[in-house]
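# Observations on chain architecture
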Amino acid sequence: MSSYLTKYLLRDFNACPTFFYQKFHHPEAFPSADDFATLQGREFEKMVKRCARFANLKEIPYAQNDEEGLRNTVQAIQSGSPLLAEASFRAEKLFARADIVEIKGQEITLYEIKSKSQNIYKKSGTLNEDYLTDVTFQYHLLLKAGYRVNKVYLCHPSGDFRRHGEIDPDEFVAFDDVTAQCRLHEKEVEKQIDAAFSCAQEKVAPEHHFNAGCGDCPLKKTCFDDFGADNISSLIRANYQKKEELAEQGIHTFADLLSHHSALDPRQQIQVESVISNVAHIDVAAIRKFMAGLDYPKEPLYFLDFETLEPCIPDLDGFHANQIYPTQYSLHKLEKDYGSLKHSEFLGDGVHDPRRALAEQLCEDLKEPGKILIYNKAMEPKRIDDFIALYPDLRKPLALIRKNMVDLMEIFSKLYYYEKAFGARYSIKVVLPAFYPNDPVLDYHALPGSQNGDDAQIDYYRLRTLEPKEKEIVRSGMLRYCHLDTFAEVKVWLKLLSLIADPSAQRIASVIQAYERDYFKI
C-alpha cells in the first residue's frame, strides 16, 4: 500500500478511481517504465537546471524511499541552500518531490518542469487538467506544511524557440507564472484529495466505469471481465461515453447489442456479427478493388516504413522542441511481372542530420514508378511533405512518391476484413499475428533489439554516445525491427491475396518464400 497520496496518484484518481484504488493498495503491480518521453523529460530537466536563475542550485541526493528523501531535504535546508532540486515535502498524508524550490525562511517559490511545448493550455488559457492538478497539489501541500507560497512557475520549452547553433537555456526555457491558477483551483484539488482518501479507505475497489484512459489500461480486461465474453469494451468506433451509456442500460455484451436492437453503424454491425459467429468478415469485392488499384504486376510494388525521432530538445538547426523527423526507413520492392522481392534500407548515424541523405536515397530507391504501400497514412505522407518543403530540388520525385502512397491499413480500418482476434484494433502488430499465428520469423517480441517504435527512438538517440562495437549491435537491432515492419506489410498483402482467391497468390507466395529462406536462413 502507498504510504502517501502523491500528485500522480491524485491524477490517477481523477482519471479512474478503480485504477487509483488498485495502484494505491498494490503499487508493486504497476512498475514504472522508461519510455522515450520519460528519458526526454530528464534531458529537459537538465536543461532547465542550467538556466541562470538556478546557478546556485543544490541537487538533493537520490533517495531510496520517501523517508530518506524527507531527511535529505531537511539536511539540505539546514545547510542554508536556498535553491533545491528534488526536495521532498510531507503534510499529513500528502507527499511531493518538487522539481525545484527556492526557500527563504518560510517563503517558498515552486518550479514545476514539463517537457512538452504543445497542449499545455486549453483554449480558455488555463492549464490542461493534468498540469493544473500537478502544480496545485504541490501548492496545497506546501501551504499545509506551513510555507507561504510566493510564486508557482511552470517551466516548459518555449514554443517560439528555434535552434541556431548551441542552445542557450535561458532562451529555450519558458517560465510561466501560474500562481493565480493554483489559488483558484486549490479548493477543487482539496475536494479531490478528500474524495481520493475516501476511495482508498474502502474495503473493495469502486465499481468500474468506462473512461478516456481505458484503451491502454493494464486493468481493462480485469475491469470488464464481469461483463462476460465479447463485451462492449472492445466495440470499435465507440467512445467511452457511448460505452458507458450502453452499460447503464444493461447492455454489456455483443449479444446484448443485437438482442436490444441497439443502434450500430455499419462497421460496428460487421464487428458484432463477426465476433458472435466467430467467422471472419471478408468484403471480397472491396479488397479486389483495392488490389487492382495497385497496378501490380504491370508496375513494381513497394512496401515502405519510416522510423522517426521526436526530441524534446531540438538537435537540428531550425527545429523547435518536440519536432518530429525521420531517421530510418525500410523498403521492400516486389519487381514487376512477378519478379523477385528485394530490400533496401537507410539508417542515420545518430549524430548528423539524416534528412537529406535519407530523402536522396529514398528517391533513388523509388525511381522506378509504382504504388507504395504504407501502414497508417498519418506518418509517411507527412514526412514526405516536410521533405518537399525542405528540398525544392527534390520536389518532383518526392511529389511522385507522395502521390503513389497507398494505405494498406485502410483494408482493416474500413473493415473490408475483420476477425475476432483483432478486437478493437487494427495495427499491423495485431493483424500480423492473427494472420500468421506462432510464426517465429514474424514475432516482434523475438527481435534482439528494438521491438517497437518507442524502442527505435530510444536506440537512435543512444547512437550518438555509444562505442563503435555497441553501436553496431544497436544499429543491427534497429535495422531488423524496421525490416520486419515492411516485411509484415508484404506478408499481410500476400494473405489478403489468398483470402480473395487471387490467381497470382501462389506464384507470389513462392517468390516471398524464396526471399524468406535467403534473409532469415530458414
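As shown above, the structure is provided for reference.
Quantities reported herein were computed from a predicted structural model and do not represent experimental measurements. (Residues numbered from 1 in each chain as written. Predicted model: local features only at pLDDT ≥ 70, side-chain atom pairs only at ≥ 80, totals over all residues. Heavy atoms only, no water.)

A word on the overall build of the protein chain. Helix and strand content of the protein chain: 20 helices and 13 strands. In terms of principal-axis extent, the alpha carbons of the protein chain reach across some 80 × 60 × 45 Å. In the protein chain, which comprises 522 residues, the share counted as buried stands at 51%. Pairs at least 24 apart in sequence give 67% of the contacts found in the protein chain among residues at least 6 apart. Of the roughly 25,500 Å² of accessible surface on the protein chain, 49% is carried by carbon and sulfur atoms. Both charge centroids of the protein chain, one from 65 positive and one from 79 negative side chains, sit 2 Å from each other. (Helix = DSSP H or I, 4+ residues; strand = E, 2+ residues; numbered from the N terminus. Buried < 20%, exposed > 50% of the residue type's maximum accessible area, 1.4 Å probe, protein only. Contact = heavy atoms within 4.5 Å. Areas by Shrake-Rupley, 256 points an atom, 1.4 Å probe, with all protein chains shown as cover. Lys, Arg positive; Asp, Glu negative; His and termini not counted. Charge placed at Lys NZ, Arg CZ, Asp CG, Glu CD.)

A few words now on helix α3 (residues 36–48). Across its 13 residues, α3 extends 18 Å between first and last C-alpha, which sits within 8% of the 18 Å expected from 1.5 Å per residue. Those residues of α3 that sit buried are Phe36, Gln40, Gly41, Phe44, Met47 and Val48. Looking straight down α3, one finds that the buried residues subtend no more than 135 degrees of arc, so they occupy a single side. (Expected span 1.5 Å × (residues − 1). Arc of directions from axis to C-beta.)

Take the pairing of strand β3 (residues 94–104) next. Extensive coverage of β3 is indicated by the burial of 8 of its 11 residues. Judged from the 8 bridges that link them, strand β2 (residues 83–91) and β3 form a sheet pairing that is antiparallel. Directly across from Arg90, in β3, lies its bridge partner Phe95. Between β2 and β3, which follow one another and run antiparallel, lie 2 residues, and Glu92 among them has a positive phi close to 55 degrees. Where β3 meets strand β4 (residues 107–113), 5 bridges bridge the pair, whose relative direction is antiparallel. In the strand pairing of β4, Val101 is matched with Leu110. (Pairing = 2+ DSSP bridges.)

Here we have 6 strands laid out as an open sheet, ordered β1-β2-β3-β4-β5-β6, and mixed in their pairing. Two strands bound the open sheet, and with one partner strand each, they are β1 (58–59) and β6 (173–177). Seen against the sheet, α3 touches β2, β3, β4, β5 (148–157) and β6 and runs at an angle of roughly 120 degrees to β5. (Axes fitted to C-alpha atoms, helices over the stretch in contact; angles between N-to-C directions.)

Here we come to the environment of Glu68. In this structure, Glu68 sits in helix α4 (residues 66–78). Taking the C-alpha atoms as reference points, Glu68 and Ser88, 20 residues apart in sequence, are found 9.1 Å from one another. Residues contacting Glu68, with those up to four places away along its chain left out, are Tyr62 and Ala63.

What follows covers helix α14 (residues 380–390). Turning to α14, its buried residues number three or more, namely Glu380, Pro381, Arg383, Ile384, Phe387 and Ile388. Viewed along the axis of α14, the buried residues span an arc of 160 degrees, placing them on a single side of the element. In this structure, the buried residues of α14 make contact with β8 (301–309), β9 (325–334), α13 (355–365), β11 (371–374), α15 (395–404) and β12 (405–407).

Once that is clear, we can look at unusual backbone geometry. With an omega dihedral of 20 degrees, the bond running from Tyr296 to Pro297 counts as a cis peptide bond. For Pro297, the location among the structural elements is in the loop between α12 (284–292) and β8. Phi is positive for Asp230, close to 50 degrees, though the residue is something other than glycine. Topologically, Asp230 is positioned in the loop between α8 (220–223) and α9 (240–248). For Ala501, which is not glycine, the phi torsion reads 55 degrees and is therefore positive. Its location among the elements puts Ala501 in the loop between α19 (468–499) and α20 (505–519). The exposed category is assigned to Ala501, whose relative accessible area is 57%.

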